[in-house]
Structures are given as structure tokens and as C-alpha cells.
Amino acid sequence: MSEKRRAEIEAKRAKLAELRKARADRQKAEAERRASDTGGPSVPRRDIDAIVEDLIGSGRDNSAFGSPASSVPGTPALGHPGLPLPALGNSQSGRASRQSDITSDTRLSLGTTLIQSQNGATESVMEREMTPRVVPDLIDIEQELFELPQKERVIYNKEVQTMDIESEPEAVSEEEIRERILREREAAEAERIAHEQELEAESKQLDEEIAQEIREMTEEEKLSIFSAPEFLDFVEQSTKIIQRALNDNYDYIRDYTIGTESGPEASEGRIKCVCSFYDERHTKNRSITDIDWSPKYPELSCASYNKNPAAINEPDGIVAVWNLHLLERPEFVFHSQSDVLSVTFSPFHSNLVFGGTYSGQILLWDTRSKHLPVLKTPLSAAGHTHPVYAMQMVGTQNAHNLITSSTDGTVCSWLVDMLAQPQETLELVHAGHNKTSEVAITALNFPDNETTTFWVGTEEGNVYQANRYDRAGAKAGLNSYDVYKGHAGPIMGVHFHPLVGPVDFSDLFLSCSVDWTVKLWRAKSLAKPSTAVTHVPPLYSFDEADDYVYDVKWHPTHPALFGTVDGAGKFDVWNLNHDTEVPVVSTTVGSGRALNKLRWERKDGRRAAVGGSDGRLYIYDIGDMALPRESEWTDMQRTVAGMVSGGAHANGIGDDSARVVAGR
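Per chain, the residues get numbers from 1 upward, laid out in the order the sequence is written. For a predicted model such as this one, the threshold for reporting local features is a pLDDT of at least 70, and the threshold for listing and counting side-chain atom pairs is 80 or more; totals across whole chains, interfaces and linings nevertheless cover every residue. Side-chain figures throughout are based on the complete set of non-hydrogen atoms in the structure, without hydrogens or water.

Asker: Looking at this model, I keep getting lost on the overall build of the protein chain. Mind explaining?
Answerer: To qualify as a helix, a DSSP run of H or I must reach at least 4 residues; to qualify as a strand, a run of E must reach at least 2; elements of each kind are numbered from the N terminus. Per the secondary structure count, the protein chain includes 8 helices and 29 strands. Contacts are residue-level and defined by heavy atoms, with any inter-residue pair within 4.5 Å sufficient. Long-range contacts, defined as pairs at least 24 residues apart, comprise 53% of the intrachain contacts of the protein chain with a sequence gap of at least 6. The Shrake-Rupley method, run with a 1.4 Å probe sphere, supplies the accessible areas, and residue values consider only the shown protein chains as cover. If you sum the accessible surface of the protein chain, you get close to 39000 Å²; carbon and sulfur atoms cover 53% of it.

This is the structure we're talking about:
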């Protein structure tokens, strides 16, 4: 039922209710009137009789007098309307100014002549003699008897000498008055009955129309409504809002500003699992390949998933956007024709999500749109043709690019609004490789203060520095002279220290590998590039893990804190100011299956999102560990200085015995 039709029905219902109320009021008034008539009929009867007596009595009094209208201007001198009075025509106009020169004798003789002519004309009829009447001397008097809204002066001239004579109203008998009153009552009653019948008919018509509109729909009509896209979108959005309200863990009527107490937050040295996201329909039999947090909404996080081998009709890759206030299902689900290996929110447009696929395509989804991507790169040699495992957005609000890398050594720079072809393409090659010169990139990261120089982790286990453009002392492409060599297997993650706090540690970066280790490096100064092959050793090696270390990330606000996830399902939190040999917290996540990715919350880093091969996204709260003290930066300086001065054997870089010591 459309909104317009529903509004019409509501208007009809309101009108019907108003008509019924008016009818009830009239019936109530009629009942009160009848009750008053039966209770005291003498009062209105007496009033009617008084009115009739007044009317009849006034008529009888007027007929008793001979000629009362003779003293009123505009009426004949005698009470007989049939009597001719030609000589008095000029004296009947109401103004006697033209007759003021007539003497009293003339008036007396005029009256005698009239009497004589009258006696002569009615001699056979009347036998009594009439005495002459004295005509009064008329004077001009102008007086306004009452005020009118607009004064109108009537001026007579010589042509206006006559006027209509109003006849006396005939006397009305009492019976006629009674009959007239009864007829008026009967007419009013008939009109009322006709109006009520009209209202009743209109009420019945409205009832029929409403009943027709709200009739029971057939199964076909119901099915057509349930399958309409507008209805499905409405149900989808409405249920999200209701589920979010139901999942809120606070009381709406409680004033939390009274007696503020620390809630059940995680204390120092303890972490807790806030929730885990899993959807049987979308994420079953899928593994998480990448994670990211929304830069604008701290409750939103997204995860990319690979193929579900058991569902051939479902999309190969999906990206799910999860909400901490909506635990049962994802907020948004985006589809891809290939496995999605990397995903990131746009830091400058909160509604845009980018994904890198196994086929080499770069996809752009919009949370305001449907499941399919709004933009995507073509499957051609102009872009990537190998799996895209790493991507990062660099630049500012007005000038930013998406940097992506694939395992064939290609690094592309894309404009957000144009994915038809890359803005720049860079081939990273290494002349020292035996079989092929290309570098298989598995990880990529830019320092916080850089948009041109970046570091890549490769399948061979080395980390290289590369430039997007030519700069002083270095050319665009891979810097093959500075080789950060230390891992014995493919590198799974590289991450630079964030640029926060009073001390700049942005030249430090961490790397993790399938050789079960995490290593801390210091990037060489860009102002002093090497002219010969130089192996840069790590500052420290963390060998606590018992399985592949799939990801490592610095904490966004604490200078000495970082986290790792490994193939044994462990989530480790390290604090270098507290201990450099073992993590301060180590917990087994979920069922103990491998964890692939880790990402800290962007704002304050209290929460960490970890995901793995079981397809579940776990959210952990580290509590007070995320709050750095003022001395953390100076303590971190001393820790790094001790690592540098300790030498290779002290930090686990030398022989196997030193590595065992560091991994106790």
C-alpha cells in the first residue's frame, strides 16, 4: 500500500470519526430538548401565547382609531385610502417649504371646500356633518434620527411629487402563527433527518472503502511485496538499527556521570576478548586475509576473506565490514570475483574501501552502494597481473594515492577516482638474482613522514628500500645496494614505528617471517645511500615464537609496545621497556588455529583486531597497557641504545647459541 493511499484512508477514518461524533452530539441535544419539553411545557407555551396576543392586540388597537396616520408624514390626511385628495398633494412630501406663503384663511376655506365636496359626493350615503380641520403651519426641520454607516442625502426636485403608500399589514390570527411555527419546526426536523441520512450514507461508504483497502492480501501479492528490492532494503536497514540497540551493553535511563567508577576494563598485564565476529552465511569455510579499522568510526572494522571451496555459487572473495554494536551479522558485505588478499579503508573518505585480489585487480567499494564494486582495474598488463598482497594509502586530503604491490615486483600508484590505468608503474628488479631479476613483494610499508621512499619485504627473506621517484643520490626503483638481510624465509609483514610522542622513532621498523622470528631494524639514512652492496643487520631478533609469525604491528600510541600473531594461534603483546626476551602477554585465540593478521585501533590502540584461518574476527582489549607513561619515550631510547651497543651476540643475531639465549 502506497504512502499516498494510506494517507487518504487515514483522512477518511478521521472524517468518519468526526461525523459519528457530530451525530452523537445532535442526538444528545435532541434528547435533552425532548426531556425539557416533557418536563415543563407551560413555559414555552406561555411565551408563544404572549407573542400571539401582542401581535393581535396591536392590530386591533390600530383599527379602533379613525385616521392615526394623518399625523405621520407621507400618509393621507384621512384614514380612507380610497378618498381622492388632489388639493393636498403638495403637502404630503414631508417638506412644506413651498406652502409656507399660504394664509390661515386660505387653509380654512380649503378645508371647508373639501368638506362640502365630500358631503356632496356622499350625500346619499352619509348623513352626519363633518367639521373642518385646521391644517397646521408646517416648517422645515432637518434632523438626523440615526447614524448610518454611509450618509446618503436624498434631494427631491419638481419631477418627484408622488410616493408609494404602504398598506397596513393584515392582522394575523393565532392559529396562523401556530401553523407557521409548526411548519418551520417540521421543515427543520426534516432537514435534520435528511442531513443525518446523508451522513449515515457517507459513513457507510467510507467503511466500505476502508474495508476494501485493508482486505486480506493473497499469497501472490504477499510474495511480490516480500521479494521487492525496496522492501528487502527496508528490512535490512531496520533490523540493523534494532539489533544494534539490543546489543548495547548500557542502561539508557542511567546517568553515568554520577559516581563515575572504572568499569570492567582490562587491567595492567591482562587482555580480554571483547567479541568475535562470524557469519555462517558469508564467512563459513573462509579464512581472513587482511584487516583494517575505520579511520572515522572507531566501532567499524573490515576483514577480507578468500574463497569458500564448498560454495561454488558464492563469490570467490568477500569483504565484510563489522560493527562492535552489531555482533550477529556484518554491517556491509562486498563481493569480488577473486580472492581478496588485502583491504584498507580510505583515511580521507570514510565510506570507501579498497581491496587487492589474487587476480591482480584493485577494487573499490562504497558503503553507500550495493555489494559490487563501484570501480575496478582492468585485467590487463597496464596494472597488476599477479596477486596483490600489500597496499597503502599515502598523501594528504587533497593529494593522495593508493600504492599497491604484487608478487611480480610491480608497484603501482593509483588515483582514487580513476582505476582504469595506474598513474605510475614501477618495476622492482634486482640484478643479483640468479633465475629472475624481479623481486616478489609480500609486504610493503611507508614511514609516517614519507610518501616517496618505502620498504618492501620479499619471498627471499630480504627487506629492500625503494623510491617512487628519482631523488638526490638515488634513482627511482629498488635500491639493490642496501640489503636488510636477517630472515631465513619469506617475510610476512613489515611495519614502521609511528611518528608520535616527543621522540622520533620513525626510523625503526619491525619485520616478521616464516622462520619463526620477529626482527627490529633501523632504516639507513636516505641522505647517505650506499654505492656498494651492504648487508644491514637487524638491531634485535625476537625468537619466542614456536610457529610462523604471520604479522607484526607497532602500537599507535605506546612507543615500546607491539603485537604479533603466529601460526599456533597465539596473540603476543611485547613491551620493550619491560622485557625484550618474552612478551608481557601471550594468549591463545579461539580454537588455536593459525592467525593471519593483526591491526590496532587507530585512535588510542586500546583494541586489537586479529583474524585467522577459522574465518573469525576477534576483538581484544588490552586495557591500561595502551596508556603510555611520560617516561616511556626516554626508556625506549635507553632500550634501543642498549640493543645497539650490545652487539650481535647480545641480541640474538650471531650464532645459534646466541639465538637460543635470546629466545629463552
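Asker: Please clarify how the nonpolar core should be interpreted in this entry.
Answerer: When a protein is soluble and globular, its nonpolar side chains tend to lie buried together. Counting 22 residues, the largest nonpolar core has Leu 510, Val 518, Leu 520, Phe 542, Phe 562, Leu 576 and Met 636 as its most contacted members. Elements with a minimum of two residues in this core: strand E19 (508-513), strand E20 (518-522), strand E22 (540-542), strand E23 (549-554) and helix H7 (632-650). Considering each element in turn, this core owes the most residues, 4 residues, to H7. The contacts of Leu 520, once residues within four sequence positions are left out, are Leu 508, Phe 509, Leu 510, Pro 538, Leu 539, Tyr 540, Phe 542, Trp 554 and Met 643. Listed in part, the 17 residues of the second largest apolar core include Leu 561, Trp 600, Tyr 620 and Ile 622. To form a nonpolar core, buried Ala, Val, Leu, Ile, Met, Phe, Trp, Tyr and Cys residues must be joined to one another through side-chain atoms within 4.5 Å. Burial classes follow relative accessibility: with a 1.4 Å probe on protein chains only, a residue under 20% of its type's maximum area counts as buried, one over 50% as exposed, and anything between as partly exposed.

Asker: I'm lost on empty space enclosed by the protein in this one. Help?
Answerer: A 1.4 Å probe that fits but cannot get out identifies a cavity on a 1 Å grid over protein atoms alone, an open set with protein on both sides within 12 Å along at least five of seven lines counts as a pocket, and a residue lines either if it has an atom within 4 Å of a point. Grid points are joined across faces, edges and corners, and a volume is the space filled by probe spheres set on the points. Tallied over the full model, the rule gives 3 cavities of 30 Å³ or more. The computed volume of the largest cavity comes to approximately 90 Å³. Around the largest cavity, the lining is made up of 13 residues, and of these Gln 465, Asn 479, Ser 525, Leu 526 and Pro 529 lie nearest the centre. Secondary-structure elements contributing two or more residues to the lining of the largest cavity are strand E16 (462-467) and strand E17 (477-485). Looking at the lining of the largest cavity element by element, the count peaks at 3 residues for E17. Residue polarity is assigned by list, with Asp, Glu, Lys and Arg as charged and Ala, Val, Leu, Ile, Met, Phe, Trp, Tyr, Cys and Pro as nonpolar; anything else, Gly included, falls into the polar class. Tallied by class, residues from the lining of the largest cavity come to 5 nonpolar, 4 polar and 4 charged. Considering only enclosed or pocket space, the second largest cavity measures out at about 50 Å³ in volume. Forming the walls of the second largest cavity are Trp 516, Val 518, Phe 542, Glu 544, Ala 545, Val 549, Thr 564, Asp 566, Asp 572 and Trp 574. Those elements giving two or more residues to the lining of the second largest cavity turn out to be strand E24 (561-566) and strand E25 (570-575).

Asker: What is the right way to look at the packing of aromatic side chains in this model?
Answerer: How two aromatic rings sit relative to each other is set out by the distance from centre to centre and by the angle between their planes. Put simply, two rings from Phe, Tyr or Trp (the six-membered ring, in Trp's case) pair if the centres are within 6.5 Å, and we call them stacked under 30 degrees between planes, edge-to-face over 60, tilted for the rest. Applying the stated criterion across every chain yields a total of 19 aromatic pairs. Aromatic pair Phe 334 and Trp 365: ring centres 5.8 Å apart, planes at 15 degrees, arrangement stacked. Of this pair, Phe 334 sits in strand E5 (residues 332-336) while Trp 365 sits in strand E8 (residues 362-366), and the two are 31 residues apart along the sequence. A relative accessible area of 1% places Phe 334 in the buried class. Judged by relative accessible area, Trp 365 falls into the buried class, the value being 0%. Note on Trp 455 and Phe 509: the rings are 6.5 Å apart at their centroids and 40 degrees apart in plane angle, and the pair reads as tilted. Of this pair, Trp 455 sits in strand E15 (residues 453-458) while Phe 509 sits in strand E19; the two residues are 54 residues apart in sequence, bridging distant segments of the chain. Its relative accessible area of 3% is what places Trp 455 among the buried residues.

Asker: Where do I start with helix H4 (residues 174-213) in this structure?
Answerer: Because the α-helix completes a turn every 3.6 residues, residues three or four places apart line up on one side. For a helix, the expected span equals 1.5 Å multiplied by the number of residues minus one. Its 40 residues place the ends of H4 58 Å apart at the C-alpha level, agreeing with the 58 Å of an ideal helix rising 1.5 Å per residue. Taken as a whole, H4 has its buried residues at Ile 177, Arg 178, Glu 196, Leu 199, Ser 203, Leu 206 and Ile 210.

Asker: So what exactly am I meant to see when it comes to a nonpolar patch on the surface here?
Answerer: Taken together, the side chains of Met 217, Ile 225 and Phe 226 make up a nonpolar region of the molecular surface, amounting to roughly 260 Å² of accessible area. With respect to the element layout, Ile 225 can be found in helix H5 (residues 219-226). Exposure above 30% relative accessible area and the absence of a salt bridge qualify a residue for a patch, where like charges join within 9 Å and nonpolar side chains (Val, Leu, Ile, Met, Phe, Trp, Tyr) within 5 Å. By convention in these notes, a salt bridge is any Lys or Arg side-chain nitrogen within 4 Å of a carboxyl oxygen on Asp or Glu.

Asker: Any chance you could explain the sheet that holds strand E11 (residues 400-406) here in plain terms?
Answerer: Sheet strands line up and pair through hydrogen bonds in the backbone, either parallel or antiparallel. Following DSSP output, two strands are said to pair if at least two bridges run between them. Taken together, the 4 strands give an open sheet; going across it, the order is E10-E11-E12-E13, and neighbouring strands pair in antiparallel fashion. Each edge of the open sheet is held by one strand with a lone partner, namely strand E10 (388-395) and strand E13 (424-427). Put simply, the sheet's adjacent strands are angled 20 degrees from each other on average, direction ignored. Where strand E12 (residues 410-414) meets E13, 4 bridges bridge the pair, whose relative direction is antiparallel. Bridge assignment links Val 411 to a residue of E13, and that residue is Leu 426. Inter-axis angles, ranging from 0 to 180 degrees, are taken between N-to-C directions of lines fitted to C-alpha atoms, where helices are fitted over the stretch in contact.

Asker: I tried to follow unusual backbone geometry on my own but got confused; where do I start?
Answerer: When glycine is set aside, most residues are seen to have a negative phi, and most peptide bonds are trans. Phi at Asn 285 takes a positive value of approximately 60 degrees, unusual for a residue other than glycine. The exposure class assigned to Asn 285 is partly exposed, which follows from its relative accessible area of 45%. Positive phi values are uncommon outside glycine, yet Trp 516 reaches one of about 70 degrees. Checked against the element boundaries, Trp 516 lands in the loop between E19 and E20.

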